[in-house]
Amino acid sequence: MPRANRDTLQGTLDLLVLKTLARGPLHGYGIATHILQISQDFLHVEEGSLYPALHRMEEDGWIQAEWAATEAGRRARFYSLTPEGRRQLESELERWSKLTRAVQLVLNQA
Amino acid sequence: MSLLTRLRNTLRPSRQNGDSIDEELAFHLEARTRDLIDKGLSPGEARRQAAIAFGSTARLREETRDQHVVPVLEDLFRDTRLAFRSLRRRPGLVLTAVLSLGIGIGAATTVYSVFDALLLKPIPLPRSERLVFLRERVKGQNSSGNPTRLRDLGQAPAFSAVAGFYGESRIHVVPGAPTQVDVLVGIGNLLGVLNAPIVKGRPFTRDESLGLGAPVAISTMPFWRTKLEGNCTLPCPINLSGVDVQIIGVVDAAVRYPLAGGLIAPASLSDQSGNNRRARFLQMIGRLRDGATDSEAQAQIDTISSTLARQYPLTDGGVATHVIQLAKFEADRNRESGYATLGAVLFVLLIACVNLSGLLLARAVERQRESAVRLSLGAGTGALVRLYLIEVLLLAFAGGLAGLALASFGVPWLASMLPEGLPKATEVEFDSRTAIFSIAITLACAIICGLAPAWRASRCTNIALREGATASASSLLLRRVFVAAQVVLTFVLLCGATLAGRSLLAMTRAPLGIEPRQVLAINVNFPWDSKKADLDRFERDALARLSMLPGVISASVMDRLPLEGGAQTRPVQLPARTLPADLTARPASIRTAHPAAFSTLGAPILAGRIYRDDSAGREVVVNDAFARRYFPGENPIGRLIDIEGKGSTPKPREIVGIVSEIRETPTQAEPAAQVFLPRTAEYWPIMRFVLRSSGDPAALVGAARSELLSIDPAAPLASAQPMTEALGAEFKLPATLSAMMAAFAATALLLTLIGLYGILSSIIVQRTREIGIRLALGADPVHVVARFVRSGLSLVAIGLIPGIAGAFMMSRAVSSLLYGVAPADPVTFALPATLLFLCAAVAAYIPSRRAAAIDPNITLRHE
């Protein structure tokens, strides 16, 4: 089971990032902060997981990145969804709901 | 898709990927710090906490980067660059490695190409696996085949066809430039058996292959290309030794056996028809039907054999025919010398590898500190091993390239050293099989060389960071084992070279029975269908003219030159008595020679006189070995012998003289019993004119040639050279093999001495302090030197024990190749052992002297 866990974890992180970016372009720190806030301080995304994931998804073509200026005037790398990323988000969402429904069914069984 | 992009990124310079990630992570860290400041922490504290939460930047950066590239490849590239740099700093090591590996791999590849061509490659004919050779043995002695018997054997249903052949040389008469051409004369459907496709023109008709009709021949592709193409169209008439022959076709270029060039012609009608069962001159091959096995064919042949033995007891009694796969037959001829040479060269390569391994091991020990630092920085053992292995691979690759370059010269050279006419010798070339072998042994070398250092690298620990750490006991022990192993291999090679040298010496020293200096030998090979009257007339005219040449003391002619071999053999009967059973079938050499040949050659007459030229064979001369064999303890002069063979009309001939033996072949195991008759008494179209000259025989070549050609412009003159050169040519192959073995042994010795020197140097460096203390306490420097020389020699002695056993086994294995040397002769072992000890003593002395020169003040102050 441990391998499945890791894949699931990685897949979950991908899902969270894609969903976050669906709202608009964001830099790495912003993504981590957003997830932390929305999950009510529950989901801490470690930098050690975030950046490798971001670059991997960039290689896979789901997100694209470009350097731009923040409101504070600093230079940061902003990530945004590609059309393929949007499709990937849809399928990930569907998979996630199927997974949770299935887990719930098993847990409901007395 | 992403793998491709990753590959592309890997090949791009690293800077591009690194910078942007650094900047991105820096921004993240800064943003987090600012947030913490906003929450109320001091800037310093905020930064600290942010950094802690961030974790190791370096690892993060690497992991992020790893998403962009193929990590394995990137590590490989980096390690390769590192390996290059570190090797560049050690040119001595690189030079040693490339030289020793290059020579070893080059030599091994060269020897392999010949080995492959002669023993491994299939016969160069289409579907050659169905071909078998029919080897005849008459009363236990190998013999050639007979055409009539061949026809009977071919009835066996297992064969789809059988054929016989022999080779002869004729002169292709082109006005102004006659050249010799080899002709393969065939009996039966030779082309069919060989499965040789005709690419131009047409094959022989059935009548033509039986010898009927006008003379025809089929050309091989090389002969067609060089001599005929463009000059004529098929059918193309040419003049072969005075006979008009039509070339009716050309055979495919892929057919290179039994002849690689020249012409193929059917044998004459008289040879093919008729019921002569006595003459034996054919090589016989057969093609098995699909589905027939060798054993079926052998069983059928045996049945036919026994029937023939009953019907024709005089000619076919006691004749056994063996069916052997043709490929195996050709391979068996060269099996032992092939394996011996290949084994020897692989030994040398192994020694070179062991040497290199020892060198690399020493280097791994030197780099202990560097490895320890790497380990503490987080490199895994695998990364260390990988770095060392890449270094070894680079060295091996360089050595392999050098070896390939060497072999590209070596292969043609070695091919030229092979005896002419050796079947499949034309197959020797540097082709893909040779290249694959070269690559394979390069990789094998890399693995062998890399094992020890890699093992050492994997055992590195942080303890090595201590100041002054040097060779550990285990690595020194391993290197000692290496040197001992090298001693074993070198000793075996030295013994092999000694055996080869002694065999060669015995061969060349064995008495020839003649005085070859100042003698000119001219070879003229008439075809076997020449008329006897023509042959006799040519010889008479030639001798008359040649003896008149200025500078010629005497001129004569005989059937074969000494050491040439290839003379007639027949069993001998004594009319007056019955011979012991073992002698009735034992063949004696039946030689023909003009009476003046003995004095011309300087062959001493031991008793009696030489026959007269007009005695028509009623008088014969025998040699001392013949007298010992057939007339032990008596005087054979005046006795009668009969050489016609059982069943023929006896023709008694009187022995009038005894000469000493004229050596038949370089490797004959025992003296040959010879009977000499006048040239006119037997049919033998092969002529060897011998002229004794008052000065340098080479000066007579031009004049002699023109005399012979003026008698007959189409005379098939094969060669004219001083006798000493002709004899030397017979020793070419054994001399080459001996020289190669000596070269291998010398290389092995040098490498082993280098290894010995190296390990003694390392030991001395390790024991520098101890030596310094001893010297300071008053030890005699001579004793110090003696101690180390002794330890070096004891290493050699330890290696000699298995070495002697190995050499003994080797000499037993190659005993069939030896001449005049017994396998277990102690001199063969004593000589190399002495040489090894002497050289080892010198190699040990040099570093030991350095030990004695150590200044105790310097070493002790080093503390």
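Above this note sits the structure.
In this text, all values refer to a predicted model and were calculated from it rather than measured experimentally.

**Thoughts on the overall build of chain B**
- Looking only at helices and strands, chain B has 29 helices and 22 strands in total.
- Principal-axis analysis of the C-alpha atoms gives chain B an extent of 130 × 75 × 55 Å.
- Counting only residues that meet the buried cut, chain B has 49% of its 863 residues in that class.
- Here the analysis covers contacts within chain B between residues at least 6 apart in sequence; of these, 82% occur between residues at least 24 apart.
- Total accessible area computed for chain B in this model is approximately 39,700 Å², and 60% of it derives from carbon and sulfur atoms.
- One finds the centroid of the 91 positive side-chain charges in chain B at a distance of 6 Å from the centroid of its 73 negative side-chain charges.

**Concerning the overall build of chain A**
- When helices and strands are tallied, chain A shows four helices and three strands.
- Listing every helix and strand of chain A by position from the N terminus yields α-β-α-α-β-β-α.
- Across its three principal directions, the C-alpha atoms of chain A cover 55 × 30 × 25 Å.
- Across the 110 residues in chain A, those meeting the buried criterion constitute 38%.
- Total accessible area computed for chain A in this model is approximately 7,100 Å², and 54% of it derives from carbon and sulfur atoms.
- A gap of 3 Å separates the mean positions of the 13 positive and 14 negative side-chain charges of chain A.

**Concerning the side chain of S128 of chain B**
- By secondary structure assignment, the location of S128 of chain B is in the loop between helix 6 (91–120) and strand 1 (131–138).
- Beyond its immediate stretch of four places on either side in the chain, S128 of chain B contacts P122 and I123 of chain B.

**Comments concerning the sheet that holds strand 3 (residues 75–81) of chain A**
All names here are of chain A.
- If you walk across this open sheet you meet the three strands as 1-3-2, and the pairing is antiparallel. On the outer flanks of this sheet lie strand 1 (26–27) and strand 2 (63–69), each paired with one strand and no other.
- In the sheet, strand 1 pairs with strand 3 via two bridges, with the strands oriented antiparallel. Residue pairing for strand 3: L26 is matched across the bridge by Y79.
- Of the strands in this sheet, strand 2 and strand 3 touch helix 3 (residues 47–60), which is tilted by about 55° from strand 3.

**Describing the pattern of salt bridges**
All names here are of chain B.
- Evaluation of the coordinates by the stated rule reveals 46 salt bridges over all chains.
- Between D75 and R386 there is a salt bridge, with the nearest N and O atoms lying 3.9 Å from each other. Here D75, found in helix 5 (residues 71–88), pairs with R386, found in helix 16 (residues 381–417); they are 311 residues apart in sequence, far enough to count as distant.
- Overall, the relative accessible area of 28% leaves R386 in the partly exposed class.
- Note that D332 and K328 form a salt bridge whose closest N and O atoms lie 2.9 Å from each other. Within this pair, D332 and its partner K328 are both found in helix 14 (residues 326–366), separated by four residues, close to a single helical turn.

**A word on the sheet that holds strand 22 (residues 717–722) of chain B**
All names here are of chain B.
- Taking strand neighbours across the sheet as the criterion, the four strands line up as 13-21-12-22 in an open arrangement whose pairing is antiparallel. A strand with exactly one partner marks an edge of an open sheet, and here the two such strands are strand 13 (552–558) and strand 22. On average, adjacent strands in this sheet sit at an angle of 15° to one another, irrespective of strand direction.
- Judged from the seven bridges that link them, strand 12 (residues 519–525) and strand 21 (residues 686–693) form a sheet pairing that is antiparallel. Within the sheet, the bridge partner assigned to N523 lies in strand 21 and is R688.
- Across the face of the sheet, helix 19 (residues 532–548) comes into contact with strand 12, strand 13 and strand 21 while running at roughly 10° to strand 21.

**Quick word on the packing of aromatic side chains**
- In total, this model carries ten aromatic pairs over all chains according to the counting rule given.
- Taking the centre distance of 5.1 Å and the plane angle of 80° together, the rings of F598 of chain B and F676 of chain B count as edge-to-face. Of this pair, F598 of chain B sits in helix 21 (residues 597–601) while F676 of chain B is found in strand 20 (residues 674–677), placing the two residues 78 residues apart along the sequence.
- Seen from their ring centres, F626 of chain B and Y630 of chain B are 4.5 Å apart, and the 35° between their planes marks the pair as tilted. Of this pair, F626 of chain B and Y630 of chain B both sit in helix 22 (residues 624–630), four residues apart, roughly one helical turn.
- Relative accessible area serves as the criterion here: at 0%, F626 of chain B is assigned to the buried category.
- For Y630 of chain B, a relative accessible area of 2% translates into the label buried.
- Through a chain of ring-to-ring contacts, three or more aromatic side chains come together here, namely Y112, F115, Y339 and F437 of chain B.
- One Lys or Arg, R75 of chain A, reaches over the ring of W67 of chain A and ends 4.3 Å from the middle of that ring.
- Here the guanidinium or amino end of R277 of chain B rests over the ring plane of Y312 of chain B, the centre of that ring lying 3.9 Å away.

**Details of the nonpolar core**
All names here are of chain B.
- Counting 90 residues, the largest nonpolar core has F491, F744, L756, I771 and L836 as its most contacted members.
- Once residues lying within four places of it in the same chain are set aside, the contact partners of F491 are L800, G803, I804, A807, F829, P832, A833 and L836.
- Membership of the second largest hydrophobic core comes to 36 residues, among which are L240, L282, I304 and L308.

**Description of the packing of helix 3 of chain A against helix 4 (residues 57–66) of chain B**
- Between helix 3 of chain A and helix 4 of chain B, whose axes approach to 8 Å, the crossing angle comes to 25°. On the basis of their axis angle, the class for helix 3 of chain A and helix 4 of chain B is roughly parallel. Handedness of the helix 3 of chain A/helix 4 of chain B crossing: right-handed. Of helix 4 of chain B, the residues touching helix 3 of chain A (which contributes E47, G48, Y51, P52 and H55 of chain A) are L60, E63 and T64 of chain B.
- Here the residues of the contact of helix 3 of chain A with helix 4 of chain B sort into three nonpolar, three polar and two charged.

**Here we look at unusual backbone geometry**
Residues and elements named next belong to chain B.
- For the peptide bond that leads from L234 to P235, omega is -10°, which places it in the cis range.
- Note on placement: P235 falls in the loop between helix 10 (221–228) and strand 7 (236–240).
- Here the amide bond leading from Y257 into P258 is cis, since omega sits at -5°, within 30 degrees of zero.
- With respect to the helices and strands, the residue P258 is situated in the loop between strand 8 (243–251) and strand 9 (263–266).
- The backbone of R127 shows a phi angle near 55°, a positive value even though the residue is not glycine.
- Its place among the elements puts R127 in the loop between helix 6 and strand 1.
- Phi is positive for A616, close to 55°, though the residue is something other than glycine.

**A closer look at helix 16 of chain B**
- Helix length check: helix 16 of chain B, at 37 residues, gives a terminal C-alpha distance of 51 Å against a target of 54 Å (1.5 Å per residue), a fit within 8%.
- If you look at helix 16 of chain B, its biggest bend is around 30°, right at A407 of chain B.

**Quick notes on the pairing of strand 3 of chain A**
Residue and element names in this part refer to chain A.
- In terms of residue burial, strand 3 counts as a mostly covered element, since six of its seven residues are buried.
- In the sheet, strand 2 pairs with strand 3 via seven bridges, with the strands oriented antiparallel. Counterpart to W67 in the pairing with strand 3 is R77.
- If you look at the hairpin formed by strand 2 and strand 3, you'll find five residues sitting between the two strands, and G73 has a positive phi there, around 90°.

**Here's the deal with the state of the cysteines**
Residue and element names in this part refer to chain B.
- Under the criterion given, the structure shown has one disulfide over all chains.
- With its sulfur 1.9 Å from that of its partner, C232 forms a disulfide with C236. Disulfide C232-C236: torsion about the S-S bond near -95°, hence left-handed.
- According to the relative accessible area criterion, C236 is buried, its value standing at 2%.
- Residue C353 stays outside any disulfide, its sulfur separated by 3.2 Å from that of C445, the closest cysteine.
- By relative accessible area, which is 2% here, C353 ends up buried.

**Concerning a positive patch on the surface**
Residues and elements named next belong to chain B.
- The grouping of R81, R85, R88 and R89 at the surface amounts to a positive patch.
- Here R85 is to be found in helix 5.
- R85 sits in the partly exposed class, given a relative accessible area of 47%.

Basis of the calculations
- As a convention, each chain's residues are numbered from 1 in the sequence order in which they are written.
- Each chain gets a letter, beginning with A, and each ligand a number, beginning with 1, in the order they are written.
- Only residues with pLDDT of 70 or above have their local features reported here, since the model is predicted, and side-chain atom pairs are shown and tallied only from 80 upward, although totals for entire chains, interfaces and linings are computed over all residues.
- The side-chain quantities take in all heavy atoms of the structure and omit both hydrogens and water.
- By the criteria applied, helices consist of DSSP H or I runs no shorter than four residues and strands consist of E runs no shorter than two, each listed in order from the N terminus.
- For every residue, the accessible area obtained with a 1.4 Å probe (protein chains only) is divided by the maximum for its type, and the residue is called buried under 20%, exposed over 50%, and partly exposed between those limits.
- Any two residues having at least one pair of non-hydrogen atoms within 4.5 Å are treated as being in contact.
- Surface accessibility follows the Shrake-Rupley procedure with a 1.4 Å probe radius. Residue values consider only the protein chains on display as shielding.
- Here Asp and Glu are counted as negative and Lys and Arg as positive; His is not counted, and neither are the chain ends.
- We put the charge of a Lys on NZ, of an Arg on CZ, of an Asp on CG and of a Glu on CD.
- We call two strands paired when DSSP finds no fewer than two bridges between them.
- Axis lines are fitted through C-alpha atoms, for helices just across the contact stretch, and the angle between N-to-C directions can take any value from 0 to 180 degrees.
- Within this document, salt bridges are pairs made up of a side-chain nitrogen of Lys or Arg and a carboxyl oxygen of Asp or Glu, the two lying within 4 Å of each other.
- Stacked, edge-to-face and tilted are the three classes for Phe, Tyr and Trp ring pairs, Trp counted by its six-membered ring, which pair at centre distances within 6.5 Å; planes under 30 degrees apart are stacked, over 60 edge-to-face, the rest tilted.
- For a lysine, the NZ atom is tested; for an arginine, the CZ atom; a charge sits over a ring if that atom is within 6 Å of the ring centre and within 35 degrees of the ring normal.
- Working definition of a nonpolar core: buried Ala, Val, Leu, Ile, Met, Phe, Trp, Tyr and Cys residues. They are joined through side-chain atoms within 4.5 Å.
- Angles below 35 degrees are treated as roughly parallel, those above 145 as roughly antiparallel, those between 65 and 115 as roughly perpendicular, and all remaining angles as oblique.
- Left-handed describes a crossing whose near helix is turned anticlockwise from the far helix by less than a right angle; the clockwise case is right-handed.
- Note on residue categories: nonpolar means Ala, Val, Leu, Ile, Met, Phe, Trp, Tyr, Cys or Pro, charged means Asp, Glu, Lys or Arg, and polar means any other residue, Gly included.
- In this scheme, a helix's expected span is set at 1.5 Å multiplied by one less than its residue total.
- Values of bend correspond, residue by residue, to the angle between axes fitted over the seven residues ending at that residue and the seven starting there.
- Cysteine sulfur atoms are paired as a disulfide whenever they fall within 2.5 Å.
- Patch membership is restricted to residues that have no salt bridge and whose relative accessible area is over 30%. Joining uses 9 Å for like charges and 5 Å for the nonpolar side chains Val, Leu, Ile, Met, Phe, Trp and Tyr.

Keep in mind these values describe shape, not function.
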